[in-house]
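# Geometric and topological summary
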Amino acid sequence: MTSSTAPQGAGHGVIALLPERCTSCMVCARECPDWCIHIDAHQEVEPAAATGGRPRTRNVLDRFAIDWALCMYCGICVDVCPYDALVWSPGRAPAEGRAPGLVHEQQRLAGNSPEHAGR
Ligand code: SF4
Ligand code: SF4
């Protein structure tokens, strides 16, 4: 779990998703006080790694979105993620309001990641 502290000198920054780390566990969506995280996922069965072994199921992320019109930038989702899949980034926060355009989907949230910031 990473710190909920927003980056200094950049307002409250934005939250970035590192999708390769996300297991679709839903912890962040359940703990978000504003219910502004939307996650869809499905399960896939992987064949057993060895003869006689059991097949494994894994979650596959289909959708991860944050509604910035509802987000309070409290950082709880960053704090509770067991896999450090959510991080603060020094990017600019979306404008306030209640427009549908403030729901940012997975690809855009991944673009907030620190390695993309400033591009
Ligand atoms: S920072 Fe926003 S998305 Fe994360 S828990 Fe708080 S309100 Fe929800
Ligand atoms: S808590 Fe982390 S791993 Fe779980 S769904 Fe949220 S971002 Fe993904």
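Before reading on, note that the structure itself is shown above.
My aim in this report is to walk through the structure given alongside it, one point at a time. (Residues numbered from 1 in each chain as written. Chains lettered and ligands numbered in written order. Predicted model: local features only at pLDDT ≥ 70, side-chain atom pairs only at ≥ 80, totals over all residues.)

### Focus: the sheet that holds strand E5 (residues 103–104)
Rules: Two strands form a pair only when DSSP identifies at least two bridges running between them. A helix here means a DSSP run of H or I that spans at least four residues, while a strand means a run of E at least two residues long, and both kinds are numbered starting from the N terminus.
The 3 strands are arranged E2-E3-E5 in an open sheet whose pairing can be described as antiparallel. Looking at strand neighbours, the two that pair on one side only are strand E2 (37–46) and E5, the edges of this open sheet. By the bridge criterion, 2 bridges tie strand E3 (residues 56–67) to E5 in an arrangement that is antiparallel. Within E5, the residue paired with Asp67 across the bridge is Val103.

### Details of the site of ligand 1
The cut-off we apply is this: To decide whether a residue is near a molecule or strand, its C-beta atom is placed from the backbone and checked for lying within 6 Å of it. Think of it as three bins: nonpolar holds Ala, Val, Leu, Ile, Met, Phe, Trp, Tyr, Cys and Pro, charged holds Asp, Glu, Lys and Arg, and polar takes everything else, Gly as well.
Neighbouring ligand 1 are 14 residues; Cys32, Cys71, Cys74, Ile76 and Cys77 lie closest to it. Tallied by class, the residues present in the shell around ligand 1 amount to 12 nonpolar, 1 polar and 1 charged.

### Notes on the nonpolar core
Quick note on the threshold: Only buried Ala, Val, Leu, Ile, Met, Phe, Trp, Tyr and Cys residues enter a nonpolar core, and they are joined through C-beta atoms within 7 Å. Using C-beta atoms placed from the backbone, we call a residue buried if 20 or more other C-beta atoms fall within 10 Å of its own, exposed if 12 or fewer do, and partly exposed for counts in between. Contact between two residues is assigned when their C-beta atoms, built from the backbone, lie within 7 Å.
Within the largest apolar cluster, 19 residues are counted, with the highest numbers of intra-cluster contacts made by Ile15, Leu17, Cys77, Val78 and Leu86. Of all the elements in the fold, those that place two or more residues in this core are strand E1 (14–17), E3, helix H2 (76–80) and strand E4 (86–89). In terms of residue count, E1 provides more of this core than any other element does, 4 residues in total. Beyond its immediate stretch of four places on either side in the chain, Leu17 contacts Cys22, Phe64, Ala85, Leu86, Gln106, Leu109 and Ala110.

### Here's the deal with the site of ligand 2
The environment of ligand 2 is made up of Cys22, Thr23, Ser24, Cys25, Met26, Val27, Cys28, Ile39, Cys81, Tyr83, Ala85 and Leu86. Class assignment for the residues of the shell around ligand 2 results in 10 nonpolar, 2 polar and no charged.

### Examining the environment of Gln106
The topology assignment puts Gln106 in helix H3 (residues 106–110). For the pair formed by Gln106 and Ile66, sequence separation is 40 residues and the distance between their alpha carbons is 8.5 Å. Here Gln106 is in contact with Leu17, Pro19, Arg63, Phe64 and Ala65, once residues within four sequence places are set aside.

### Re the environment of Ala41
Its place among the elements puts Ala41 in strand E2. By the C-beta count within 10 Å, which is 17 here, Ala41 ends up partly exposed. Separated by 17 residues in the primary sequence, Ala41 and Arg58 place their C-alpha atoms 9.9 Å from one another. Ala41 has contacts with Ser24, Asn59, Val60, Leu61 and Asp62, leaving out every residue within four places of it along the chain.

### Remarks on unusual backbone geometry
Despite not being glycine, Ser24 has its phi angle at roughly 60°, a positive value. Among the structural elements, Ser24 can be located in the loop between E1 and helix H1 (27–31). By the C-beta count within 10 Å, which is 20 here, Ser24 ends up buried. Positive phi outside glycine occurs at Tyr73, with the angle close to 55°. Structurally, Tyr73 is set in the loop between E3 and H2. Its 16 C-beta neighbours within 10 Å are what place Tyr73 among the partly exposed residues.

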